[in-house]
Each structure stands twice: as structure tokens, then as C-alpha cells.
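Architecture and fold: a report
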Amino acid sequence: MERLTGPVQHYAWGSTTAIPDLVGAVPDGQPWAELWLGAHPSAPARIGDTGLDALVAADPGIVGTASVDRFGPRLPYLMKLLAAARPLSLQAHPSRARAESGFAAEEAAGVPRDDAERNYRDDWPKPEVLCALGDFEALYGFADPSMVADHLARLGISELDALVEPLRRPGGAEGIRTVFLRLCRLDGPERDLVERVAAAAADGVGEPTPYGLFCRTAVELAEAYPRDPGVLAALLMNRMSLRAGEAIYLPAGNLHAYLRGLGVEIMANSDNVLRGGLTAKHVDVDELTEVLDFSPVRPRVVVPQEEEPGVFVHPTPAPEFRLWRLEVSHPIAVPATPYGRILVVTSGAVRAGDLVLEQGQSAWAPAGEAVTLIGEGQDGQGQVFVGAPGVHPDR
């Protein structure tokens, strides 16, 4: 096992302190949004002076035979530390088929891969899991349309009532689709409706009810993104709160937006994001609509399963990745020995042989290397997240 160093992404929505505090760095005033731990060619982590992508290309066997057989000679997952101080964009990720066709079309059209208006930067899907390291707020999927319609009606704005009338029609998903497109495409003077909605919602912010939470979302988003029609589109969604150790799974087609908090993410090794608002980045509502699932959903927390004392797995159907949380207060064997694994310490410190990993530090364990962690430091404990390919997960 070797120490791994990940690059930082300074996106505007990031926290200036959360990731620096976790990794023991001095804040530099920039927003530290994400720290990437993987082998994506646009920002690979490094072992010494060598990129993890280059190491995998030179010896794919370090990822694991079953993974290479399924996904080819590449690391199929990407881990991140993510720290949001303000809302991220309304976004969704494509299925594998849609990613492959969209990427091929943009390649054939000669769109540069670093073009700001490109939708598909690779040909992979991007299902993902986020596990909270503390209190975390997010928007997740579309809410019950009749409930949303009732909340919007309480605002008392006649123009809005006409726009969202399809939410009250039978059929659920089709009404949501119609209204979502109407709201995302508001332009010019129509965008004044965002400010009017926020002003009306301010009166309900203090209510300890679902309507109060709905109003709080409207006010917070409008403050962060004035006159952005994505504020109104976001009101069609569920808002959920996570506590430390709780996780959410985001399959292809799920509309979501993280609002605030610090967490560990793992996803298929892709950077494909289709946006619908709440961002200064490229928005392509038409393409986003092609990948979205407009069916109303109830947010579901991915409850970790304890495989053995101190070893918790977050199960998902994604074959590209699997995520464990290890609470190291006694010697623990790192799971998934047949696969290449990435470890990141989120509290305390641990030792594996001569290698000591403190809070915020990461490591790479190649396929076939058995690793046992023991707690290190004054209290002899550490919390470690472990990512691995999700094909045939075993020990």
C-alpha cells in the first residue's frame, strides 16, 4: 500500500475551510469544492510523481482481474471528498447507453473535450453514492406533484398557478415533465417570478412543517442564484437531510442538487454532468430532459450494513464501485483484497505496516495485497472509507 495524493477542484460553490480543515491544510481563500481520489485522466491522483491513471495503464492487473474483464484496463470508480458551502447545480447523470451515444456524437462533431459547452466529456455513466461526514442537505428527485402544487398555491401568485396547473393532472410524471420544462425555460421579464416567489415564501420560512421547509428552499436558492429559473424548477424536488454516516444513492436520470455539507463520494469513473440551472456553467435543458426520470420518488437513505465488527458497507446496484466505512478501534482487514482499493482517513489515524495515515490522508492498495489496519495515535482509533470495484465484491 502506498500513499496517494489527490488534486483539489476549486469550484465556486465549495467551502473555503471544510476540506482544508480535514486534510490539515491552511485555507488560502479559495473554495475547495472537491478533492479527487482516482484515475480520471482530467485529474488523476498521484503516487509520488506518477499519476494513478498511468500506473493502471502500465499494469491493469493492479485493479483486479474481474474488474478488467468487465470494464477493461481502467479503474472503474472515482472517490472524492466534497464540501459544499452553497447549492450546486440542478443536475443528473446519463445511463451508459446515453453516455456512449452522446460522447460519440460530440466526438464526431469535433467538439473539443475541454469545450465549456460540451455535455459528454467521456463515454461512461456516473451513478454515485454520497456518505455524509456531518449534517448534509440535498435536493433529491421529484416530489409528489399534488403536494408541490398545494405548496405553490399557498404562495398566492396567479401567474405561477397557471404555469404549474399540470401538476394536478393524473399521470404524475408527465405533469412534472411539462412544468419542469416550463420553469427551466423562463426568460427575460418572466424571471422576475423567481424574486416574487422568494418574497412570498419568506412568510412561511419559520413554519416547522413541510411547507416551511419548501419555503426555506425557495428563499435560500433565490438568495444564492437571483432570477435563475432553476430556483423554481428545484421546488418540484424533495429536500432531505443526512446525518453523519448516512448516505444517498443517485442512479442515472435522478435530478439532484447538493445544498451544503461535507461528505465522501464514490461514483463511476466519469465527469459527465448535465445541468438544468443554479449554475454559471453550461446548461442544456433539452439534453437533460432526455436523461431525466420524471417519476416522483421518496428519498431513501442508504443504510450501511455491518459485515463484521467495525466494517460497514453501503450497498448499491452499481457494478462500477462499492463503498465501505471502517471504524478502526481494533485490527481490521481492509475489504475487497482481489481489487484495487482507495482508502481515505476521515478522522483519527491508522497504521498499515510502516505506513501511517492521519486524518485527511489517502492510500492506494493494489489488487491482491492484503492490508490490515490498526488504530494509531493517542486514542488508537480511526475512521477510514474504502472504495473498490463493485463487480463480485468479496473479501
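Residues numbered from 1 in each chain as written. Predicted model: local features only at pLDDT ≥ 70, side-chain atom pairs only at ≥ 80, totals over all residues. Heavy atoms only, no water.

As annotated in an unreviewed UniProt entry, the chain is mannose-6-phosphate isomerase from Candidatus Avipropionibacterium avicola. Regarding the chain, the UniProt comment filed under Catalytic activity (unreviewed entry) reads as follows: "D-mannose 6-phosphate = D-fructose 6-phosphate". (UniProt positions renumbered as here; feature names shortened; annotations may be inferred.)

So, about the overall build of the chain. Check the secondary structure of the chain and you find 11 helices and 22 strands. A compact globule built from 395 residues should have a C-alpha radius of gyration of about 21 Å, and the chain, at 22 Å, falls within 12% of that. Summarising its shape, the C-alpha atoms of the chain cover approximately 70 × 50 × 40 Å along the three principal directions. Within the chain, counting contacts between residues at least 6 apart in sequence, those at least 24 apart form 73% of the total. Carbon and sulfur atoms make up 50% of the accessible area of the chain, which amounts to about 15,900 Å² in all. Averaging the locations of the 34 positively and 53 negatively charged side chains of the chain gives two centres separated by 3 Å. (Helix = DSSP H or I, 4+ residues; strand = E, 2+ residues; numbered from the N terminus. Rg over C-alpha atoms; globule rule 2.2 N^0.38 Å. Contact = heavy atoms within 4.5 Å. Areas by Shrake-Rupley, 256 points an atom, 1.4 Å probe, with all protein chains shown as cover. Lys, Arg positive; Asp, Glu negative; His and termini not counted. Charge placed at Lys NZ, Arg CZ, Asp CG, Glu CD.)

Tracing the backbone shows Phe312 in strand β15 (residues 311–314). Taking the C-alpha atoms as reference points, Phe312 and Gly245, separated by 67 residues in sequence, lie 9.8 Å from one another. With residues up to four places along the chain from it excluded, the contact list for Phe312 reads Pro304, Gln305, Glu306, Leu323, Trp324, Arg325 and Glu327.

Feature annotation in UniProt places "active site" (unreviewed entry) on Arg275, given in this structure's numbering. For Arg275, the position within the fold is in strand β13 (residues 274–277). Arg275 gets classed as buried once you look at its relative accessible area, which sits at 18%. Residue contacts for Arg275: discarding those within four places in its chain leaves Ser89, Leu90, Gln91, Lys281, His282, Val283, Asp284, Val285 and Leu288. (Buried < 20%, exposed > 50% of the residue type's maximum accessible area, 1.4 Å probe, protein only.)

Let us look at the UniProt feature "domain: Phosphomannose isomerase type I catalytic" (unreviewed entry) in the chain. In the numbering used here, UniProt assigns the "domain: Phosphomannose isomerase type I catalytic" (unreviewed entry) feature to residues 3–142. Within residues 3–142, the helical portion is 24% and the strand portion 26%, while the C-alpha atoms at the span's ends are 41 Å from each other.

Turning our attention to helix α5 (residues 145–154). Here α5 has its buried residues at Pro145, Val148, Ala149, His151 and Leu152. Here the buried residues of α5 occupy an arc of 160° about the axis, which is enough to place them on one side. Check the buried side of α5 and you find it contacts α6 (158–163), α7 (173–184) and α9 (210–224). (Arc of directions from axis to C-beta.)

What follows covers unusual backbone geometry. Of note in this structure, Leu278 is not a glycine but carries a positive phi near 60°. Summarising the element assignment, Leu278 is placed in the loop between β13 and α11 (285–291). Even without being a glycine, Ala336 presents a positive backbone phi close to 65°. Judged by relative accessible area, which is 1%, Ala336 ranks as buried.

With that out of the way, let us pick up the pattern of salt bridges. Where charged atoms from two side chains of opposite charge come close, those side chains can pair. One pass over the full model with this rule turns up 19 salt bridges. A salt bridge links Asp192 to Arg227, with the nearest nitrogen and oxygen atoms 3.0 Å apart. Note that Asp192 is positioned in helix α8 (residues 192–201) and Arg227 in the loop between α9 and α10 (230–234), a separation of 35 residues in sequence. In this structure Asp192 comes out as partly exposed when scored by relative accessible area, which is 36%. Between Glu246 and Arg243 there is a salt bridge; the shortest N-O distance is 3.3 Å. Residue classification places Glu246 among the buried positions, given a relative accessible area of 18%. (Salt bridge = Lys/Arg side-chain N within 4 Å of Asp/Glu carboxyl O.)

This brings us to the environment of Asp203. Positionally, Asp203 belongs in the loop between α8 and α9. Sequence separation between Asp203 and Cys215 is 12 residues, and the spatial gap between their C-alpha atoms is 8.1 Å.

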